[in-house]
Amino acid sequence: SLVRPLVANVDQAFIITSAKEPDFSDNLLDKLLVVLNYHQIEPVICMTKMDLLSKVEKQKLMKILKYYKKQGYTVLYNTKLHKIKKLFKGKTTVFTGQTGAGKSTLLNHLDKSLNLQTGEISKALGRGKHTTRHVELLEIHHGKVVDTPGFSSIDLEGIGEEKIQEAFKEFSKYSCPFKDCRHIHEKECAVKKAVQDGKILKSRYENYCKFIEK
């Protein structure tokens, strides 16, 4: 179950993540991955608006997404409808992520009969306007999908440091001298060295530090 959005009996969560308009947010993505890990919900990263990126921007983002795949996360693109449909069967799925990332648009492509309202991006705010006003349970492709209002921020209240650290599963591959190492201020930390060596994505580590020192 999740508190925000308020849903229960969820098997998996599609984190609908915009590449542009609104801009890709690794901070929000990592925060959602922590929340889903805490609530034992399987995450699926679903990218939208990749076509809005320049060639250089796309190469940079693809490199980041490759890292997430390497850590065992499922990464899909909203253009691969057949792959998305297969994941729905027999499961309850929640759609979550940035406002304006294209959740309702994707659901409309998956099931033409839904005709869900979609909105434009606010140029002034750089994020979407809320078009989904409430949580709704939809029957799609032999499964249940929960469409929820998007949000631009989410907090980690109630999630302790150990659980936050656990969500950054790649950290466990490195053996630090101290078992209770928090990978922030400790000397001879294997995780910090892995970040310096380019083995751990710098943005992942920086987000981890922000979440721990929240």
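Residues numbered from 1 in each chain as written. Predicted model: local features only at pLDDT ≥ 70, side-chain atom pairs only at ≥ 80, totals over all residues. Heavy atoms only, no water.

### A short note on the sheet that holds strand S2 (residues 42–48)
Counted only if it meets this: Any two strands are treated as partners once DSSP identifies two or more bridges connecting them. Every helix listed is a DSSP run of H or I at least four residues long, and every strand listed is a run of E at least two residues long, numbered separately from the N terminus. Axis lines are fitted to C-alpha atoms, over the contacting stretch for helices. Their N-to-C directions set the angle, which ranges from 0 to 180 degrees.
The strand order across the open sheet built from six strands is S3-S2-S1-S4-S8-S7, with neighbouring strands paired in mixed fashion. Taken across any chain shown, the strands that pair with only one partner, and hence form the sheet edges, are strand S3 (74–77) and strand S7 (136–140). If you compare each strand with its neighbour and ignore which way they point, the axes differ by 30 degrees on average. Where strand S1 (residues 12–18) lies against S2, seven bridges are found, and the strand directions are parallel.

### Some details on the nonpolar core
Definition in use: We call a set of buried Ala, Val, Leu, Ile, Met, Phe, Trp, Tyr and Cys residues a nonpolar core when their side-chain atoms join them within 4.5 Å. Only protein chains enter the area calculation, which uses a 1.4 Å probe; residues under 20% of their type maximum are buried, those over 50% are exposed, and those in between are partly exposed.
Judged by nonpolar contacts, the single largest core of 51 residues is most densely connected at Met47, Tyr68, Ile164 and Tyr208. Of all elements in the fold, only S1, helix H1 (26–38), S2, helix H2 (55–70), S3, helix H5 (161–167), helix H6 (190–196) and helix H7 (202–212) reach the threshold of two or more residues within this core. Looking at which element gives the most residues to this core, the answer is H1, with seven residues. Counting residues in each nonpolar core, the second largest holds 15 residues, with Cys46, Phe88, Phe95 and Ala101 among its members.

### Description of the packing of helix H3 (residues 81–88) against helix H4 (residues 103–110)
Quick note on the threshold: Each angle is binned into one of four classes, with values under 35 degrees roughly parallel, values over 145 roughly antiparallel, values of 65 to 115 roughly perpendicular, and all other values oblique. In what follows, residue pairs with any heavy atoms lying within 4.5 Å of each other are defined as contacts. Throughout this entry, Asp, Glu, Lys and Arg are counted as charged residues, while Ala, Val, Leu, Ile, Met, Phe, Trp, Tyr, Cys and Pro are counted as nonpolar. The remaining residues, Gly among them, count as polar.
Following both chains from N to C, one finds H3 and H4 inclined at 90 degrees, their axes separated by 11 Å at the closest point. Judged on the interaxial angle alone, H4 and H3 are roughly perpendicular. Here Leu81, Ile84, Lys85 and Phe88 of H3 come into contact with H4, specifically with Leu106, His109 and Leu110. Of the residues assigned to the contact of H3 with H4, the class counts are five nonpolar, one polar and one charged.

### Regarding the pairing of strand S4 (residues 92–97)
Across the six residues of S4, six count as buried, placing the element largely inside the fold. Neither face of S4 is exposed, since Thr92, Val94 and Thr96 on one face and Thr93, Phe95 and Gly97 on the opposite face are all buried. Across five bridges, S1 lies against S4 in parallel orientation. Each residue of the ladder has a partner; that of isoleucine 15, found in S4, is threonine 96.

### As for the packing of aromatic side chains
Note the cut-off: Stacked, tilted and edge-to-face are the three classes applied to pairs of Phe, Tyr and Trp rings, where Trp contributes its six-membered ring and a pair requires centres within 6.5 Å; stacked means planes under 30 degrees apart, edge-to-face means over 60, and tilted covers the rest. For a lysine, the NZ atom is tested; for an arginine, the CZ atom; a charge sits over a ring if that atom is within 6 Å of the ring centre and within 35 degrees of the ring normal.
In total, this model carries 11 aromatic pairs according to the counting rule given. Between tyrosine 67 and tyrosine 68, the aromatic rings sit 6.2 Å apart at their centres with planes inclined by 90 degrees, giving edge-to-face as the arrangement. Each member of the pair, tyrosine 67 as well as tyrosine 68, carries the same accessibility label: buried. Ring plane angle 50 degrees and centroid distance 6.5 Å describe the contact between phenylalanine 171 and tyrosine 205, whose orientation is recorded as tilted. Remark: tyrosine 205 occurs in helix H7 and phenylalanine 171 occurs in the loop between H5 and H6; sequence separation between them is 34 residues. Taking relative accessible area as the criterion, tyrosine 205 reaches 12% and is therefore assigned buried. Ring pairing ties together the aromatic residues Phe168, Phe171, Tyr205, Tyr208 and Phe211, which thus form one cluster. Sitting over the ring of tyrosine 73, lysine 169 keeps its end group 4.1 Å from the ring centre.

### Regarding H1
Stated precisely, the cut-off is as follows: Expected helix span is taken as 1.5 Å per residue step, with the number of steps being one fewer than the number of residues.
Over its 13 residues, H1 runs 18 Å from end to end, which matches the ideal 18 Å to within 8%, given 1.5 Å per residue. Those residues of H1 that are buried are in contact with S1, S2, H2, S4, H5 and H7. Backbone geometry just downstream of H1 places glutamine 40 in the positive-phi region, at approximately 55 degrees.

Remember, this is a structural readout, not a statement about activity or role.
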